[in-house]
Amino acid sequence: METRRDFIKKSTLSAIGLTIGGLGMSAKSYSKILGSNDRVRVGVVGFSDRFKHSLLPAFNSHAKALDFEFAALSDIWDRRRKEGAAYIREKTGADVALCRNNDELYERGDIDAVIISTADFQHAFHLAEAAKAGKDAYCEKPFAETMDDANIALDAVNASGIIVQIGSQRRSGGNYQAANDYIRSGQFGDIVMVEMCWNVNQPGRWRLPALTSSIRESDTDWKRFLINRPYEAWDPRKYLEYRLFWPYSSGIPGQWMSHQIDTVHWFSGLAYPRGVTANGGIYQWKDGRTNPDTLTAVFDYGPLDSKTDGFQVVYSSRFSNSAGDTKELYYSNGGMLDLDKNRVTPTGGLQNDAAKAMGLKANLLAEYKLPDVQAASGANTGGDFLTDAHMRNWMDCVRSRQTPNAPVQAGYNHAVACIMANAAYRTGTRATFDPKARQVMAGQNIFKY
């Protein structure tokens with residue numbers, strides 16, 4: 001029996017004929033376009049703190065206007081399923097079906113899209129599952145923590161025609177979009193250096209002692225949690241505090257660097273760095289973790305066929321002192337773009353007298369104010385403005401079948417850079433990327449775990 005949605009799809013495709021190639025979408029993607037009266041039913045993959053405090057409020061801001069609703073929740077921990085159902089009911093009024101795992105979720109016939117916010121190393125695997133099931137996805141970053149996972153997810157998404165938004169929410173911020181436009185216009189000049197930092201002083205960062213003391217292996221599905229990682233005995237810390245432990249998370253690169261290095265790719269048009277060196281260690285918080293609490297990575301960016309052109313990115317992060325906070329500073333010969341203050345200034349630019357003495361022309365930047373970050377609508381109900389705008393963009397694209405602000409390739413590219421930094425730190429060698437093998441190389445060796 002043909003449903004109303006099936007009829008709309010067939011009628012739409014018949015009307016547009018062969019013109020969809022000009023709309024920037026695949027035939028597979030366009031065949032999923034919804035009618036204006038079709039409700040989009042969304043499944044939640046992982047009831048995480050990120051989902052609870054940011055993704056759900058952002059979704060809720062736009063669900064009524066765009067006719068989206070939560071329909072089901074999948075989580076392998078029984079406690080999270082119950083808490084998630086109660087919280088979604090409290091915030092949205094909706095009762096969702098509970099699924100013990102994603103197999104049960106995708107066996108349902110009433111799910112159109114999913115929001116994925118599981119453990120860092122699981123994102124790519126769960127995105128590939130969504131792609132194979134034909135479900136549009138909002139997938140949290142990092143895109144992947146290994147190249148094998150990244151390659152599988154990229155291929156699955158590209159073959160599926162689904163709409164994917166990677167959780168790199170800076171791409172939906174008006175200030176970042178203005179910075180991208182300004183740099184690409186040529187007014188800024190060539191990027192000569194980028195400095196980035198993300199510093200906190202938080203001994204409890206990514207620690208969950210109360211939960212780790214209460215969870216039992218029988219409460220969850222440990223083997224399913226591990227997915228394709230080497231088997232090891234049950235460890236509640238690695239289940240709940242996974243960001244402290246490799247190979248479940250790279251920690252600093254996957255969590256924080258992934259956001260900031262993504263802007264480098266976006267603004268420069270470069271897909272990945274030519275090389276990365278890194279060092280750091282566990283200098284302050286000696287609590288059994290295996291991921292560093294302090295890390296500095298130096299990236300070399302530029303065209304692969306010209307070593308004389310390009311720029312350097314220095315990224316640093318520490319958990320032991322918050323001085324410096326979060327900074328993103330882009331430099332050209334004429335000045336600086338400061339994404340902390342949302343300003344372009346001539347700071348550090350070549351002065352007229354110095355330029356004249358060398359027979360050069362100074363190109364000092366004019367003062368320029370980037371727009372402040374704004375919510376996608378006045379109905380923001382919590383979370384942050386960037387995530388609100390990013391979620392709205394994904395929801396709009398699920399309906400229009402247009403490409404979202406942070407498409408799958410952007411996620412793949414930030415994964416390459418972060419895996420390179422992690423490989424350089426863990427091996428002590430310079431990391432590169434082999435585009436033919438689609439693997440990160442640590443010296444002469446493929447980096448795995």
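Thresholds, definitions, all that
- Residues numbered from 1 in each chain as written.
- Predicted model: local features only at pLDDT ≥ 70, side-chain atom pairs only at ≥ 80, totals over all residues.
- Heavy atoms only, no water.
- Helix = DSSP H or I, 4+ residues; strand = E, 2+ residues; numbered from the N terminus.
- Buried < 20%, exposed > 50% of the residue type's maximum accessible area, 1.4 Å probe, protein only.
- Contact = heavy atoms within 4.5 Å.
- Areas by Shrake-Rupley, 256 points an atom, 1.4 Å probe, with all protein chains shown as cover.
- Polar contact = N/O pair within 3.5 Å; in protein donor to acceptor, adjacent residues only side chain to side chain.
- Axes fitted to C-alpha atoms, helices over the stretch in contact; angles between N-to-C directions.
- Parallel < 35°, antiparallel > 145°, perpendicular 65-115°, else oblique.
- Nonpolar A, V, L, I, M, F, W, Y, C, P; charged D, E, K, R; others polar.
- Phe/Tyr/Trp six-rings, centres within 6.5 Å; stacked < 30°, edge-to-face > 60°.
- Lys NZ or Arg CZ within 6 Å of the ring centre and 35° of its normal.
- Pairing = 2+ DSSP bridges.
- Core = buried A, V, L, I, M, F, W, Y, C linked by side-chain atoms within 4.5 Å.
- pLDDT = per-residue confidence, 0-100.
- Salt bridge = Lys/Arg side-chain N within 4 Å of Asp/Glu carboxyl O.

The chain is annotated in an unreviewed UniProt entry as Oxidoreductase of Sphingobacterium pedocola.

Undergrad: Can you break down the overall build of the chain residue by residue, with the values?
TA: For the chain, the helix and strand inventory stands at 15 helices and 17 strands. For the chain, buried positions account for 55% of its 449 residues. Contacts in the chain between residues far apart in sequence, at least 24 positions, make up 72% of those at least 6 positions apart. Accessible surface for the chain amounts to roughly 19,000 Å². Of this, 50% is attributable to carbon and sulfur atoms.

Undergrad: Can you explain the side chain of Ser 61? Please cite residues and give values.
TA: Checked against the element boundaries, Ser 61 lands in helix H3 (residues 49-66). Side-chain polar atoms of Ser 61 contact the backbone oxygen of Pro 57, separated by 3.0 Å.

Undergrad: So, the packing of helix H7 (residues 147-160) against helix H15 (residues 408-427): which residues are in play, and what are the values?
TA: Viewed as axis vectors pointing N to C, H7 and H15 meet at an angle of 170°, and their least axial separation amounts to 10 Å. Considering the angle they form, H7 stands roughly antiparallel to H15. Mapping the contact onto sequence places Met 147, Ala 150, Asn 151, Leu 154, Val 157 and Asn 158 in H7 and Val 408, Gln 409, Tyr 412, Val 416 and Ile 419 in H15. Of the residues that constitute the contact of H7 with H15, the class distribution is 8 nonpolar, 3 polar and no charged.

Undergrad: Summarise the packing of aromatic side chains; cite the residues concerned and give the values.
TA: Counted by the stated rule, this structure contains 28 aromatic pairs. When the ring of Phe 47 is compared with that of Tyr 87, the centres are 6.2 Å apart and the planes differ by 55°; the resulting orientation is tilted. In this pair, Phe 47 sits in the loop between strand S1 (40-45) and H3 while Tyr 87 sits in helix H4 (residues 78-92), placing the two residues 40 residues apart along the sequence. Overall, the relative accessible area of 17% leaves Tyr 87 in the buried class. What links up through ring pairs into an aromatic cluster is the set Phe 47, Phe 51, Phe 59, Phe 68, Phe 70, Tyr 87, Tyr 138 and Trp 394. The ring of Tyr 87 is capped by Lys 52, whose NZ or CZ atom sits 4.9 Å from the centre of that ring.

Undergrad: Lay out the sheet that holds S1 with the relevant residues and their values.
TA: The strand order S3-S2-S1-S4-S5-S6 describes an open sheet built from 6 strands, whose pairing is parallel. Two strands in the sheet have a free side with no partner beyond their single neighbour: strand S3 (97-99) and strand S6 (164-166). The average undirected angle you get between the axes of adjacent strands in this sheet is 20°. Pairing of strand S4 (residues 113-116) with strand S5 (residues 136-139), which is carried by 4 bridges, proceeds in the parallel orientation. Residue pairing across strands places Ile 115 opposite Tyr 138, the latter belonging to S5.

Undergrad: Please set out the environment of Met 193 residue by residue, giving values where relevant.
TA: By the element assignment, Met 193 lies in strand S7 (residues 193-199). Met 193 gets classed as buried once you look at its relative accessible area, which sits at 19%. Distance from Met 193 to Tyr 301, taken between C-alpha atoms, is 9.7 Å for residues 108 residues apart in sequence. Residue contacts for Met 193: discarding those within four places in its chain leaves Phe 311, Gln 312, Val 314, Leu 329, Tyr 330 and Tyr 331.

Undergrad: Outline unusual backbone geometry, listing residues and values.
TA: Here the bond from Lys 141 into Pro 142 is cis, since omega is 0°, no more than 30 degrees from zero. As for its placement among the helices and strands, Pro 142 is situated in the loop between S5 and H7. With a phi angle near 50°, Asp 325 is a residue other than glycine that sits in the positive phi range. With respect to the helices and strands, the residue Asp 325 is situated in the loop between strand S10 (311-318) and strand S11 (326-332). The backbone of Arg 401 shows a phi angle near 70°, a positive value even though the residue is not glycine. One can find Arg 401 in the loop between helix H14 (385-400) and H15.

Undergrad: A description of the nonpolar core should follow, citing residues and the corresponding values.
TA: The biggest cluster of nonpolar side chains holds 99 residues, and the ones touching the most others in it are Phe 143, Phe 299, Tyr 330 and Leu 337. Per-element tally for this core: the top contributor is H15, with 12 residues. Apart from the residues within four sequence positions on either side, Phe 299 is in contact with Met 257, Ile 261, Pro 273, Gly 275, Val 276, Phe 311, Gln 312, Val 313, Tyr 315, Ala 417 and Ala 421. Ranked by size, the runner-up nonpolar core spans 27 residues in total, among them Val 42, Leu 55, Ala 58 and Phe 59.

Undergrad: Describe the confidence of the model for the chain, naming the residues involved and giving the relevant values.
TA: Averaged over the chain, the pLDDT score is 90; the fraction of residues at 70 or greater is 87%. With pLDDT under 50 throughout, residues 1-23 is counted as low confidence; its partners more than four residues away or in other chains account for 24 contacts.

Undergrad: Give a description of the pattern of salt bridges that names residues and reports values.
TA: Scanning the entire structure with this criterion turns up 31 salt bridges. Close ionic contact of Arg 229 with Asp 149 constitutes a salt bridge, the shortest N to O distance being 3.0 Å. Linking Arg 229 in the loop between helix H10 (222-226) and helix H11 (236-240) with Asp 149 in helix H7, this pair joins segments that are 80 residues apart in sequence. Per residue, the accessibility class of Arg 229 equals that of Asp 149, and both read buried. The residue Arg 274 makes a salt bridge to Asp 300 at a minimum N-O spacing of 3.0 Å. Residue Arg 274 is located in the loop between helix H12 (252-268) and strand S8 (275-281), and its partner Asp 300 is located in strand S9 (residues 294-301); the two are separated by 26 residues in the primary sequence. The exposure class of Arg 274 is buried, given its relative accessible area of 7%. Ionic contacts of the salt-bridge type, sharing partners, join the residues Arg 39, Arg 41, Asp 67, Glu 69, Arg 108 and Asp 110 into one network.

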